[in-house]
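What follows is the residue order along each chain.
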Amino acid sequence: MKIAVIGQSLFGQEVYKELRKEGHVIVGVFTIPDKDGKADPLAAEAEKDGVAVFKFPRWRVKGQAIPEVVAQYKATGAELNVMPFCSQFIPMEVIDHPKHGSIIYHPSLLPRHRGASAINWTLIHGDKKGGFTVFWADDGLDTGAILLQKECDVEPNDTVNTIYKRFLFPEGVKGTVEAVRLIAEGKAPRVTQPQEGATYECIQKKDNAKIDWNQSAEALHNWIRGNDKVPGAWADVDGQKVTFYGSTMVDNGTTANGQPLEIPGAARPGIVTKAGLVLFGNDGKALLVKNLQFEDGKMIAAAQYFRSGGSAAVELTEEEKAFAEQMRAVWQSILTNVAQIEDSTDFFKSGAASMDVVRLVEEVKLRASTCQLQNEDVYMNTTFQDFIQMCVRKLRGEDDEEELVVDYVEKNVNNMTIKMPHQLFINGEFVDAEGGKTYKSINPTDGTAICEVSLAQISDVDKAVAAAKEAFEEGEWGKMNPRDRGRLIYKLADLMEQHQEELATIETIDSGAVYTLALKTHVGMSIQTFRYFAGWCDKIQGCTIPINQARPNRNLTFTKKEPIGVCAIVIPWNYPLMMLAWKTAACLAAGNTVVLKPAQVTPLTAVKFAELAARAGFPKGVINILPGSGALVGQRLSDHPDVRKLGFTGSTEIGKHIMKSCAVSNVKKVSLELGGKSPLIIFSDCDMDKAVRMGMSSVFFNKGENCIAAGRLFVEESIHDQFVKKVVDEIKKMKIGDPLDRSTDHGPQNHKAHLDKLVEYCQTGVKEGATLVCGGKQVDRPGFFFEPTLFTDVKDNMYIAEEESFGPVMIISKFKSGEVDDVLRRANATEYGLASGVFTRDISKALYVSEKLNAGTVFVNTYNKTDVAAPFGGFKQSGFGKDLGQEALNEYLKTKAVTIEY
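What counts and what doesn't
- Residues numbered from 1 in each chain as written.
- Predicted model: local features only at pLDDT ≥ 70, side-chain atom pairs only at ≥ 80, totals over all residues.
- Heavy atoms only, no water.
- Helix = DSSP H or I, 4+ residues; strand = E, 2+ residues; numbered from the N terminus.
- Buried < 20%, exposed > 50% of the residue type's maximum accessible area, 1.4 Å probe, protein only.
- Contact = heavy atoms within 4.5 Å.
- Patch = residues over 30% accessible without salt bridge, like charges linked within 9 Å, V, L, I, M, F, W, Y side chains within 5 Å.
- Areas by Shrake-Rupley, 256 points an atom, 1.4 Å probe, with all protein chains shown as cover.
- Salt bridge = Lys/Arg side-chain N within 4 Å of Asp/Glu carboxyl O.
- Axes fitted to C-alpha atoms, helices over the stretch in contact; angles between N-to-C directions.
- Parallel < 35°, antiparallel > 145°, perpendicular 65-115°, else oblique.
- Left-handed = near helix turned anticlockwise from the far one by under 90°.
- Nonpolar A, V, L, I, M, F, W, Y, C, P; charged D, E, K, R; others polar.
- Expected span 1.5 Å × (residues − 1).
- Arc of directions from axis to C-beta.
- Phe/Tyr/Trp six-rings, centres within 6.5 Å; stacked < 30°, edge-to-face > 60°.
- Lys NZ or Arg CZ within 6 Å of the ring centre and 35° of its normal.
- Core = buried A, V, L, I, M, F, W, Y, C linked by side-chain atoms within 4.5 Å.
- Pairing = 2+ DSSP bridges.
- Right-handed = clockwise from strand over helix to strand, strands pointing away.

Remarks on the overall build of the protein
Part 1: Scanning the protein for helices and strands turns up 28 helices and 40 strands.
Part 2: Expressed along its principal axes, the backbone C-alpha trace of the protein runs to roughly 115 × 70 × 60 Å.
Part 3: The buried share among the 902 residues of the protein stands at 54%.
Part 4: Considering only intrachain contacts with a sequence separation of at least 6, the fraction spanning at least 24 residues in the protein is 69%.

Take a look at the structure:
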């Protein structure tokens, strides 16, 4: 068909482009005159294609059509007028002229909300359903017969901008093109609009957008969001007009802590909080406003109302000055009507529009990819000087909008002052748990309390998951390119390294780890893990796949690796920081957001990690840390419908329960690293000294609180007694004591309940007839110390031969010389399959044994040799899924297959 497009804006541009793709001939584009020397997007697109463009300032004078204008229109020979967002009054001589008449796009479900502010009033009235109508133009105001309608749900916190971007724009373009297709096929209906339910509201302008405070909180919320961004709901505050943006309803029962702000006419004073400005309706309920704009155009975060004077200007380096000049050139290219960009030039007062904001944000990304701007940043820094200052602060990591408030517990220990956060970390802030609930974290060295720690409740889990979901779906994290994501993770690793001694000290007093081990392994390997996965961020890729062609057409099939979304991570108490790192680093590298529950008994390095992540610049909501009980927090994460993946390290019993909950709730993806009873086989042809040294390490490393600890040693009969004697000699040399003492070999067990289980475990071994060679009891000193223990003469059916101690207990059984297959049978006769080991000088035997051992990791002539690049995980009831290495990324990614026919 020959079509005349009459309208304007990006919407009109997209309709024009899609109509051309459909094969229609655009005989003319009729739009508004250039503004400040800039053509409307529709006009610019058509001019680029060589299509005739007409920019009439008006079509009528004193109600009468202008003959010359109508004549130029008729000369195009249009068979249909398509009018997307037309702001001009078009005379009926033009409307009725084409063979097929004229159709108009309108952003409401007619007959409801006739008029130019339809989207605004959809929100102001609190409609649950919105949508758009394509109708046949007549001489009334949005009264023509309906051709096509499509509806959508209106979300509780939708604004004009969000509902437009999500539905009205993309689906409206498709709907308008579909309407034209129906006309071309002779199938377009004409359904008379019903009178029932018809409404007409006035055009929303600044002078009629003033807030009436004598309403419920929901009505206030609807008024503010219905006027956001244009024209902007406003009220008198402190003698000036202040416009409110970014409204959300606040949960009942939420207490607002902050500074009161008197607002004339309001039911009660507002409260300026860290989250924004809390306002109250006449029903006592509350809403939260994120941003405020003053009469001079300056926009600020509402949380900064009482600090809106701003901070001192930063002095620019030579490199920053060069960046500023690049941006001055960008401003000049956007504001073509301004002769010269001065420091005082105001972006919006100089004629910039919302599309120019999008362009400016993208121009900054091209020149400084680490400066991740949001549109709001431009609205809040409208002059060139303020804009540059804001960009430079972000580039330096000094963005004071993200001020982090930390209530530290400080202690002088290990020749340093350690500063420990102790609250929950949700949506970029340290906050108390619901109801202010806390518990004591205990130092296992002496049994004293380190500090009170916030105890997360179910409502806190829901808040954290909501924050993580918003960060993934709407926030800057989900839009960040992978290389920039990697830079953030590298920066976090650098900060962890700068705080390595502090982290190791906190780990020591909270978990009982020997300081030197905490420094090298607990913290050192954590840093390595984040650096390793930071390097993977921009190397996650799919592949192309040859498939059978659909002749005569051809096909292209490829896969994409995509992040899963909100991931929950539940970690154990034996390596608090390292277990966090093993899972969280891969999760973040893949592009997910995370809600992590540390073990209740060892929360302190996790919340310190949260502080460092915030200081590294991770956006709000990406990382959330919830100290709390497994029964409450872990269970809620397993059940939560918005959590799409759960990674767990812990006992097999709890792992089974988690797996069931994840299946029943929403079939969320699960990876489990569970219990172990790892066999270590020592043959007579081994290097004895190395076997003794590594055998000791395999059991007593980290006080035996080690998931891959050798739970049972099989020693060839001919060397058994010699091996046992050497082990006893080495045990006697071990120094038990303060884990902060650099000469200590063996520190306290993690917590009292675990110590008691070890005592009971050894008593069971003695009762069953195993020989207790040494140890087996609590050390007579304060704290939770347990003696390094050695059992021999352990039979296969004994409890201690089958069950994991998770402590410093060496279990030795003999096997006869030459009976390789028999000892392998005994080694594999367990429901666990996490790790295993073999010591022999015979390479053929080593390879044979490693092939036959049924475990996720096999160590040959070494033990505990894990590395960030090597995958780690078990078989059988030791779980499934991998930590570390490239394979760990797959636990936090989903694969999408895309097939294109051409």
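Focus on a nonpolar patch on the surface
Part 1: On the surface, a nonpolar cluster with roughly 290 Å² of combined accessible area is contributed by Leu-556, Ile-900 and Tyr-902.
Part 2: By the secondary structure assignment, Leu-556 is in strand β24 (residues 555-563).

Thoughts on the packing of helix α22 (residues 688-700) against helix α23 (residues 717-733)
Part 1: Closest axis-to-axis distance for the α22/α23 pair is 10 Å, and the angle between their directions is 60°. Overall, the two elements α22 and α23 adopt an arrangement that is oblique. Relative to α23, α22 is oriented so that their crossing is right-handed. Here Met-688, Asp-689, Ala-691, Val-692, Met-696 and Phe-700 of α22 come into contact with α23, specifically with Ile-719, Gln-722, Phe-723, Lys-726, Val-727, Glu-730 and Ile-731.
Part 2: The residue makeup of the contact of α22 with α23, split by class, is nine nonpolar, one polar and three charged.

Considerations on unusual backbone geometry
Part 1: Of note, the amide linkage connecting Leu-110 to Pro-111 takes the cis form, showing an omega dihedral of 15°.
Part 2: With respect to the element layout, Pro-111 can be found in the loop between β7 (102-106) and α5 (118-124).
Part 3: Of note, Val-667 is a non-glycine position whose phi angle comes to about 50°, a positive value.

Some words on the pattern of salt bridges
Part 1: Under the criterion given, the structure shown has 50 salt bridges.
Part 2: One salt bridge connects Glu-18 with Lys-21, and the closest N-O pair in it is separated by 3.3 Å. Of the two residues, Glu-18 and Lys-21 both sit in helix α1 (residues 9-21), three residues apart, roughly one turn of that helix.
Part 3: The exposure class of Glu-18 is partly exposed, given its relative accessible area of 26%.
Part 4: For Lys-21, a relative accessible area of 63% gives the class exposed.
Part 5: In this structure, Glu-151 engages Lys-129 in a salt bridge whose closest nitrogen and oxygen atoms are separated by 3.9 Å. You can see Glu-151 sitting in strand β9 (residues 146-153) and its partner Lys-129 sitting in strand β8 (residues 129-136), a full 22 residues away along the chain.

Let's talk about the environment of Asn-257
Part 1: Relative to the elements of secondary structure, Asn-257 occurs in the loop between β11 (240-249) and β12 (259-261).
Part 2: On the basis of relative accessible area, Asn-257 is assigned to the exposed category, the value being 64%.
Part 3: With residues up to four places along the chain from it excluded, the contact list for Asn-257 reads Ile-271, Val-272 and Thr-273.

Quick notes on the side chain of Asp-228
Part 1: Looking at the secondary structure, you find Asp-228 in the loop between α8 (217-226) and β10 (233-237).
Part 2: Setting aside chain neighbours within four positions, we find Asp-228 in contact with Thr-159, Val-160, Asn-161, Tyr-245 and Gly-246.

Focus: helix α10 (residues 354-367)
Part 1: With 14 residues, α10 should reach 20 Å at 1.5 Å per residue; the first-to-last C-alpha distance of 21 Å fits that figure.
Part 2: Of the positions making up α10, those classed as buried are Asp-356, Val-357, Leu-360, Val-361, Glu-363 and Val-364. The buried residues of α10 all sit within an arc of 160° when viewed along its axis, so they share a single face. Those residues of α10 that are exposed and aimed more than 90 degrees away from the buried face are Ser-354 and Leu-366.
Part 3: If you follow the buried residues of α10, they end up packed against α9 (318-334), α11 (375-380) and α12 (384-396).

What about the packing of aromatic side chains?
Part 1: Summed over the entire model, instances satisfying the criterion amount to 33 aromatic pairs.
Part 2: For the pair Phe-294 and Tyr-305, a centre-to-centre distance of 6.2 Å together with 40° between the ring planes defines the contact as tilted. Within this pair, whereas Phe-294 is found in the loop between β15 (286-293) and β16 (299-301), its partner Tyr-305 is found in the loop between β16 and α9, the two being separated by 11 residues in sequence.
Part 3: By relative accessible area, which is 8% here, Tyr-305 ends up buried.
Part 4: An aromatic cluster is built from Phe-11, Phe-85, Tyr-105, Phe-132, Tyr-164, Phe-167 and Phe-169, whose rings are joined through pairwise contacts.
Part 5: Stacked on the ring of Phe-280, the Lys or Arg Arg-268 has its end atom at 3.6 Å from the ring centre.
Part 6: Above the plane of the ring of Tyr-892 lies Lys-645, whose end atom (NZ or CZ) is 3.9 Å from the centre.

Digging into the nonpolar core
Part 1: Formed by 109 residues in total, the largest nonpolar core has its most connected members in Phe-530, Phe-618, Ile-682, Leu-713 and Phe-723.
Part 2: Per-element tally for this core: the top contributor is helix α18 (residues 576-589), with 11 residues.
Part 3: With residues near it in sequence (within four places) discarded, Phe-530 still touches Ile-489, Leu-492, Ala-493, Met-496, Leu-580, Ala-581, Thr-584, Ala-585, Leu-588 and Phe-609.
Part 4: Core analysis: the second largest hydrophobic core is formed by 35 residues, Leu-19, Trp-136, Ala-145 and Tyr-164 among them.

Quick notes on the packing of helix α16 (residues 500-511) against helix α17 (residues 515-534)
Packed helices, taken two at a time, are described by their axes: the angle between them and the distance between them.
Part 1: The interhelical angle for the contact between α16 and α17, taken along N-to-C directions, is 120°, at an axis separation of 9 Å. By the angle class used here, α16 and α17 are oblique. For the pair α16 and α17, the sense of crossing is right-handed. Touching Gln-500, Glu-501, Leu-503, Ala-504, Thr-505, Glu-507, Thr-508 and Ser-511 of α16 are Tyr-515, Ala-518, Leu-519, His-522, Val-523, Gly-524 and Ile-527, all from α17.
Part 2: Its residues assigned to classes, the contact of α16 with α17 comprises seven nonpolar, six polar and two charged.

Details of the environment of Tyr-848
Part 1: Position of Tyr-848 among the secondary structure elements: in helix α27 (residues 843-852).
Part 2: For the pair formed by Tyr-848 and Asp-821, sequence separation is 27 residues and the distance between their alpha carbons is 9.9 Å.
Part 3: Apart from residues no more than four positions distant in its own chain, Tyr-848 is found in contact with Val-820, Asp-821 and Leu-824.

Concerning the sheet that holds β8
Part 1: Strands sit in the order β3-β2-β1-β6-β7-β8-β9 across an open sheet of seven strands; the sheet is mixed. Each edge of the open sheet is held by one strand with a lone partner, namely β3 (53-54) and β9.
Part 2: In terms of strand pairing, β8 meets β9 through seven bridges, oriented antiparallel. Considered in β9, the bridge of Gly-131 is made with Glu-151.

Re the pairing of strand β26 (residues 593-597)
Part 1: The element β26 is extensively covered by neighbouring structure, given that five of its five residues are classed as buried.
Part 2: Of the two faces of β26, both are covered, the one formed by Thr-593, Val-595 and Lys-597 as well as the one formed by Val-594 and Leu-596.
Part 3: Of the strand pairs in this sheet, strand β25 (residues 566-570) and β26 are connected by five bridges, and their pairing is parallel. If you follow Val-570 over to β26, its bridge partner there is Lys-597.
Part 4: Between β25 and its parallel partner β26, the chain crosses via α18, and the hand of that crossover is right-handed.
Part 5: Across three bridges, the pairing between β26 and strand β27 (residues 623-625) is parallel. Its bridge partner lying in β27, Val-594 is registered against Ile-623.
Part 6: Read from β26 through helix α19 (residues 604-616) to β27, the crossover connection turns out right-handed.

Details of the sheet that holds strand β23 (residues 544-545)
Part 1: Here three strands make up an open sheet; going across it, the order is β23-β24-β40 and the pairing antiparallel. Lying at the two open borders of the sheet, with one neighbouring strand each, are β23 and β40 (893-901).
Part 2: Note: β24 against β40, nine bridges, orientation antiparallel. Of the residues in β40, the one forming a bridge with Thr-559 is Ala-897.

Regarding the environment of Glu-562
Part 1: Locating Glu-562 in the fold gives a position in strand β24.
Part 2: Each residue touching Glu-562, except ones within four places of it in the same chain, is listed here: Tyr-892, Leu-893, Lys-894 and Lys-896.

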